[in-house]
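Chain residues, written in single-letter form:
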Amino acid sequence: MRKAVYAGSFDPFTNGHLAIVERATNLFDEVIIAVGQNQSKSTLFSAAERVNLIERSLAPEGKVKVALLSGLTVDFAHQQGAQYLVRGLRNGSDFDYEQRIAAMNYQLAGLETVYLQARPTDQMLASSMLKEVAAAGGDISPFVPPIVMQAVIEKMEARD
Ligand code: ADP
């Protein structure tokens, strides 16, 4: 069984992330979305909220699982019995950043990293930018699943 871990912050989960997950399910028997809970990064949504939003954004089918990630991604992948890591690439800077991590993960645990090129429409899409647009009152509905859109609006209103 080919299993892959797709790890990230997903703060919040965007249509770009969703497209990567959907395409990964064509390549793997199971895809585990691993939601990072890096204490040093301040996030709009808590890790539990991000897990919940991702679960509600996905089509109900058995191939995708969502879990919290703490500790090393390679250890998590090992616990899950996954042999692959999936990453999305938007541009050369993503690649520069990712290739060092991929090399380390291969060295640490022989884990293969599979890169999926972002769809042309997703290349400018970044969670950080969407948060800025939403905070300034912009409409992010073309870029995120409807459930995420609603949650972002509620967060922004709660902050005001
Ligand atoms: P991280 O904190 O690891 O950068 P992100 O949530 O920003 O987490 O992204 C997780 C993964 O999804 C990374 O591989 C990133 O390159 C990829 N990704 C982010 N946005 C997009 C997008 N719009 N299209 C395709 N891949 C993306």
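Within any chain, residue numbers begin from 1 and follow the written order of that chain's sequence. A pLDDT threshold of at least 70 governs which residues receive local features in this predicted model, and a stricter bar of 80 or more applies before side-chain atom pairs are shown or counted, although totals over entire chains, interfaces and linings include all residues. No hydrogens and no water enter the side-chain calculation; it runs on all heavy atoms of the structure.

## Describing helix α4 (residues 92–109)
Phase 1: With 18 residues, α4 should cover 26 Å at 1.5 Å per step; its first-to-last C-alpha distance of 25 Å lies within 8% of that length.
Phase 2: At every residue, the bend is computed as the angle between two fitted axes, covering the seven residues ending there and the seven beginning there respectively. Here a helix means four or more residues in a row that DSSP labels H or I, a strand means two or more in a row labelled E, and each is numbered from the N terminus. Of all bends in α4, the biggest is about 25°, found at E98.
Phase 3: In this structure, the buried residues of α4 make contact with α3 (73–80), β4 (84–89) and β5 (112–117).
Phase 4: Any N or O atom pair separated by 3.5 Å or less is treated as a polar contact, with the protein-specific requirement of one donor-capable and one acceptor-capable atom, and with residues adjacent in sequence counted only for side-chain atom pairs. The N-terminus of α4 is capped by N91, whose side-chain oxygen sits 3.1 Å from the backbone nitrogen of S93. Take the residue count of a helix, subtract one, and multiply by 1.5 Å to get its expected span. For this analysis, residues touch if any pair of their heavy atoms sits within 4.5 Å.

## Considerations on the site of the ligand
Phase 1: Whether a residue is near a molecule or strand is decided by its heavy atoms; if any one of them lies within 4 Å of it, the residue is near. Near the ligand there are 17 residues, and of these Y6, S9, F10, K41 and G88 occur at the shortest range.
Phase 2: S9 places a polar side-chain atom, nitrogen or oxygen, 2.4 Å from an oxygen atom of the ligand.
Phase 3: A distance of 3.2 Å is found between an oxygen atom of the ligand and a side-chain nitrogen or oxygen belonging to R87.
Phase 4: A 1.4 Å probe and the Shrake-Rupley method give the accessible areas. Residues count as covered only by the protein chains that appear here. When the ligand is considered free in solution it has 550 Å² of accessible area, and contact with the protein chains removes 88% of it.

## Let's talk about the packing of aromatic side chains
Phase 1: Think of it this way: a Phe, Tyr or Trp ring, Trp meaning its six-membered ring, pairs with another when their centres are within 6.5 Å, and the plane angle makes it stacked under 30 degrees, edge-to-face over 60, tilted otherwise. Applying the stated criterion to the full structure yields 4 aromatic pairs.
Phase 2: Centroid distance Y6 to F10: 5.2 Å. Interplanar angle 65°. Geometry classified as edge-to-face. In this structure, Y6 and F10 share a single accessibility class: buried.
Phase 3: These aromatic residues form a ring-pair network of at least three members: Y6, F10 and F13. Whether a residue is buried, partly exposed or exposed follows from its accessible area with a 1.4 Å probe, protein chains only, as a fraction of its type maximum: under 20%, in between, or over 50%, in that order.

## Regarding the nonpolar core
Phase 1: Grouping buried Ala, Val, Leu, Ile, Met, Phe, Trp, Tyr and Cys residues that are joined through side-chain atoms within 4.5 Å yields what is termed a nonpolar core. In terms of nonpolar packing, the biggest core is built from 33 residues, with F13, I33, I54, L58 and V86 touching the most fellow members.
Phase 2: Of all the secondary structure elements, the ones that give two or more residues to this core are β1 (3–8), α1 (15–25), β2 (30–36), α2 (47–57), β3 (64–69), β4, α5 (127–135) and α6 (146–159).
Phase 3: For this core, the element with the highest residue contribution is α6, accounting for 5 residues.
Phase 4: If near-sequence neighbours (up to four positions away) are discounted, V86 is found in contact with A4, V5, Y6, A7, I20, A24, F28, V114 and L116.
Phase 5: In terms of nonpolar packing, the next biggest core, distinct from the first, is built from 12 residues, A7, L69, F76 and A82 among them.

## Quick word on the pattern of salt bridges
Phase 1: Salt bridge criterion: a side-chain nitrogen from Lys or Arg within 4 Å of a carboxyl oxygen from Asp or Glu. Following the criterion strictly, the structure yields 6 salt bridges and no others.
Phase 2: The shortest N-O distance in the salt bridge between D122 and R119 comes to 2.7 Å.
Phase 3: In this structure R119 comes out as partly exposed when scored by relative accessible area, which is 36%.

## A few points about the sheet that holds β2
Phase 1: Whether two strands pair comes down to DSSP finding at least two bridges between them. In spatial order, the strands read β3-β2-β1-β4-β5; together these 5 strands make up an open sheet with parallel pairing. Looking at the sheet topology across the chains shown, the edges are occupied by β3 and β5. The mean inter-strand angle of the sheet, taken between neighbouring strand axes irrespective of direction, is 30°.
Phase 2: Here β2 runs beside β3; their pairing, made up of 6 bridges, is parallel. Paired with I32 across the two strands is K65, which belongs to β3. The axes are straight lines fitted to the C-alpha atoms, using for helices just the contacting stretch, and the angles between their N-to-C directions are given from 0 to 180°.

## Observations concerning the pairing of β5
Phase 1: Sheet analysis places β4 next to β5, joined by 6 bridges and oriented parallel. The partner of Y84 across the bridge, within β5, is E112.
Phase 2: Here a crossover is taken to be right-handed if, once the strands point away from the viewer, the path from the first strand over the helix to the second is traced clockwise. Each parallel crossover has a hand, and the one from β4 via α4 to β5 is right-handed.

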